[in-house]
Amino acid sequence: MIVLLLAALSSVSLYARENEKKLCYKISYYGNNLWNPGFNAGLEYPYSTKEITDRKERTDILQSAVSVDLAFYADPGSHAAILLHSGLKLKKITENALALYIGFSPLGIYRSFLPETYDVSDEWAVTRVNLPGRTYYAPNISFGIENRLSRPHLDACFLEMEATTLVPYNTYAMFLLNIKLGVRL
Amino acid sequence: MKRMKKMLPVIMALLISACSSPEINRIDETIYLRYQGADMPAYVHGSLINNTILVVLHGAGSFGLSFRDEGFKSLLEKDYLIVYFDQRGQGMSQGHYSTPDDVVLAMANDVNALIKVLKQRYGNENKYFLMGHSFGGAVGKLALLSNDLQTELAGWISVCGAHDFPSIAAARKMLILDIAQEQITSGNSISKWEELTEELENLDAASDDDYTKILLIAGTAMELLKKDDVVAEVDYSDQLINTIFINNPITWQVSHLFNKPVNIAITEDFSLTGRLSEITLPTLLIYGKYDMSVPYTIGETAIDDLGSTNKRFILFENSMHHPNHSESELFASSLTNFIQEVSE
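Small disclaimer: the values here were computed from a predicted structure and weren't measured. Throughout, residues of each chain are indexed from 1 in the direction in which the sequence is written. Starting at A for chains and at 1 for ligands, labels are handed out in the order in which the entities are written. For this predicted model, a pLDDT threshold of at least 70 governs which residues receive local features, and a threshold of 80 or more governs which side-chain atom pairs are given and counted, while totals over whole chains, interfaces and linings are taken from all residues. To obtain the side-chain values, all non-hydrogen atoms of the structure were included, while hydrogens and water were left out.

A word on empty space enclosed by the protein
Under the convention used in this document: Site definitions follow a grid-based scheme: protein atoms alone, a 1 Å grid, a 1.4 Å probe that fits but cannot get out for cavities, and for pockets an open set with protein on both sides within 12 Å along at least five of seven lines, plus lining residues having an atom within 4 Å of a point. Grid points are joined across faces, edges and corners, and a volume is the space filled by probe spheres set on the points. Secondary structure elements follow DSSP: runs of H or I no shorter than four residues count as helices, runs of E no shorter than two count as strands, and numbering proceeds from the N terminus. Note on residue categories: nonpolar means Ala, Val, Leu, Ile, Met, Phe, Trp, Tyr, Cys or Pro, charged means Asp, Glu, Lys or Arg, and polar means any other residue, Gly included.
Tallied over the entire structure, the rule returns one cavity of 30 Å³ or more. Size it by volume and the largest cavity reaches roughly 60 Å³. Together, 15 residues line the largest cavity, and Tyr73(A), His79(A), Tyr110(A), Leu176(A) and Thr251(B) are the ones closest to its centre. Within the residue set of the lining of the largest cavity, elements represented by two or more residues are strand S3 (59–75), strand S10 (154–169) and strand S11 (172–184) of chain A. Looking at the lining of the largest cavity residue by residue, the class counts come to seven nonpolar, seven polar and one charged.

A closer look at unusual backbone geometry
Glycine aside, a negative phi is what most residues show, and trans is what most peptide bonds show. Residues and elements named next belong to chain A. Note the cut-off: Each residue gets one of three labels from its accessible area relative to the maximum for its type: buried under 20%, exposed over 50%, partly exposed in between, using a 1.4 Å probe on protein chains only.
The residue after Val167, namely Pro168, is reached through a cis peptide bond having omega -15°. Relative to the elements of secondary structure, Pro168 occurs in strand S10. With a phi angle near 80°, Leu34 is a residue other than glycine that sits in the positive phi range. Here Leu34 shows up in the loop between strand S1 (24–31) and strand S2 (38–53). For Leu34, a relative accessible area of 34% puts it in the partly exposed group. The phi torsion at Leu131 lies on the positive side, around 45°, for a residue other than glycine. Taking the relative accessible area as the measure of exposure, Leu131 reaches 61% and is therefore exposed.

Some details on the UniProt feature "domain: Serine aminopeptidase S33" (unreviewed entry) in chain B
So the rule is basically this: UniProt positions are given in the numbering used here, feature names are shortened, and annotations may be inferred rather than shown by experiment.
In this structure's numbering, the residues bearing the UniProt feature "domain: Serine aminopeptidase S33" (unreviewed entry) are residues 52–226 of chain B. The distance from the first to the last C-alpha atom of residues 52–226 of chain B is 36 Å, and the span holds 50% helix and 14% strand.

Here we look at the domain arrangement of chain B
The figure often quoted for interface size is the accessible area lost as the parts come together. Residue and element names in this part refer to chain B. The line we're drawing: Here the limits of each domain have been adopted from an automatic or database domain assignment. Accessible surface is computed with a 1.4 Å probe, and the buried area is the amount of it that two parts give up when combined, taken over both parts together. For salt bridges, the criterion is a side-chain nitrogen of Lys or Arg within 4 Å of an Asp or Glu carboxyl oxygen. Polar contact is the term for a pair of N or O atoms within 3.5 Å; when the atoms are in protein, one must be able to donate a hydrogen and the other to accept it, and sequence-neighboring residues count only if both atoms are side-chain atoms.
For chain B, the assigned domains read domain 1 (26–165 + 234–343) and domain 2 (168–227). Between domain 1 and domain 2, a total of about 1,300 Å² is buried, with carbon and sulfur atoms accounting for 73% of that surface. Per-residue buried area on domain 1 facing domain 2 is highest for Tyr290, Met292 and Met320; these three make up 48% of the total on that side. Across the contact surface, domain 1 and domain 2 share one salt bridge. Two residues, Glu182 and Lys289, come together in a salt bridge whose shortest N-O distance is 3.3 Å. Linking domain 1 to domain 2 there are five residue pairs in polar contact (both at pLDDT 80 or more). When residues in the side of domain 1 that touches domain 2 are grouped by element, the largest group, three residues, is from helix H11 (residues 296–305). Residues belonging to the side of domain 1 that touches domain 2 are distributed by class as follows: nine nonpolar, two polar and three charged.

Looking at the interface of chain A and chain B
As a reminder, the rule being used: Residue contacts follow a heavy-atom distance rule, with two residues in contact if any of their heavy atoms lie within 4.5 Å.
Counting residues at the interface gives 35 residues for chain A, matched by 39 residues for chain B. Summing the contributions of chain A and of chain B, the shared interface buries around 3,400 Å²; its carbon and sulfur component is 54%. Among the residues of chain A in contact with chain B, Trp124(A), Arg134(A) and Asn170(A) are the three that bury the most area, contributing 23% of the side total. A salt bridge links Arg134(A) to Asp39(B); its shortest N-O distance comes to 3.0 Å. Our enumeration of links across chain A and chain B arrives at 20 residue pairs in polar contact (both at pLDDT 80 or more). Sorting the residues of the side of chain A that touches chain B by element identifies strand S6 (117–120), strand S8 (135–137), S10 and S11 of chain A as the ones contributing at least two each. Ranked by the residues each element gives to the side of chain A that touches chain B, the list is headed by S11(A), at five residues. In the side of chain A that touches chain B, the residues fall into 17 nonpolar, 13 polar and five charged.

So this is what it looks like as structure tokens:
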């Protein structure tokens, strides 16, 4: 999983250097379960763009993009975590510079970081755990809205909701509802 | 300059308060227990000034910090170190593991593991007390009966604790009928209580279908008691803060969705009635007079069956299922008296 994600990240970065104008960088506030504070940084590369005109002669743009995101958040009092995920985004960009999009990131990994943790063995021996935390497979879906800005170094601002599943978590799964509010550079 | 002079006393007061020494021996930290695939947080708050540690086991669908209201913070944490524990598959606990064959026993073993960790972290010389609320009472009692845990503890406190699930529905039905009669005699919501009585008399407590119906009637009855000010009003502000900002509500509810050990206890007729005589620790049983989740009559029976020579039963006259919230001062003083007496 990590290898796949790193491969995706490096391929997007490589493409970035070759196609400087198309690649976008994103930074945003990341609110885990809405309000646990965090930060997200990502890359987005639109690989396909198609114009569609409706009956009222309005022309929208359908855009497909590859994205890679790295997020960090802290849940005060219990844990912190980082998420790395990669996937596709499908955007519909309207004439008035608004865009709606949905995303699916099947390649995701989540690592929690816990405070001081003690492991107890079957024989009741207690030992302190180094770098405590858990790793989970973490695919997600997202939807968002962005407002395209015609400013130098500022491509758009966006608001995104992201639903992430952590598996296997306890006996089944855990769902996280995260929010991103940021800008695309 | 004049404005600065006016601000000076305020600035001085802030500086003095900032420099005042923190509470001696105060501990506020979160540690995790990793055991059998689960990572379970223990929120530790309070003081070791009396070398006494109280471990709190929450009830079904709840979480450790649900207990941490003003009563615990201002009355108990100043004297004792309180460990609010999120049990396996509950609250903020995480990890990955297969569903244990015996979920309640697995949770009881977690308690034993937690005591081992606390003794390593805070020292073996402290006195350790275990407290379980509702389903946590069942987990706690099973923990006492497993792994020789009683030898590690100074006392056991059961708050509205369950231990015999097959008898709860019948006890619940009887209690609601008794309360209905009491309320009708007192002139409170007479027609409503008469309706509930009639509805309840036609239900069979032994039937699985009627179990849920009796629970729903209990819910209506509790609302009536609140409306008529029969039970003490509860301030939920601390719980709300703990629920939203510390115990993440989404994580808590999703955990609860996938892990409902109390349902297993109900369907498997979990009972420790025949083993209560094996509990010989000093024991305090606390129940609410109007608790229709775990009726106090369950505790009245248990107090006779317990093997402890030092045991007491306290009925909270104005409480339902959470006497710790509704009569917090009496709750704190009851615990303090018990702990002091046992510690002497």
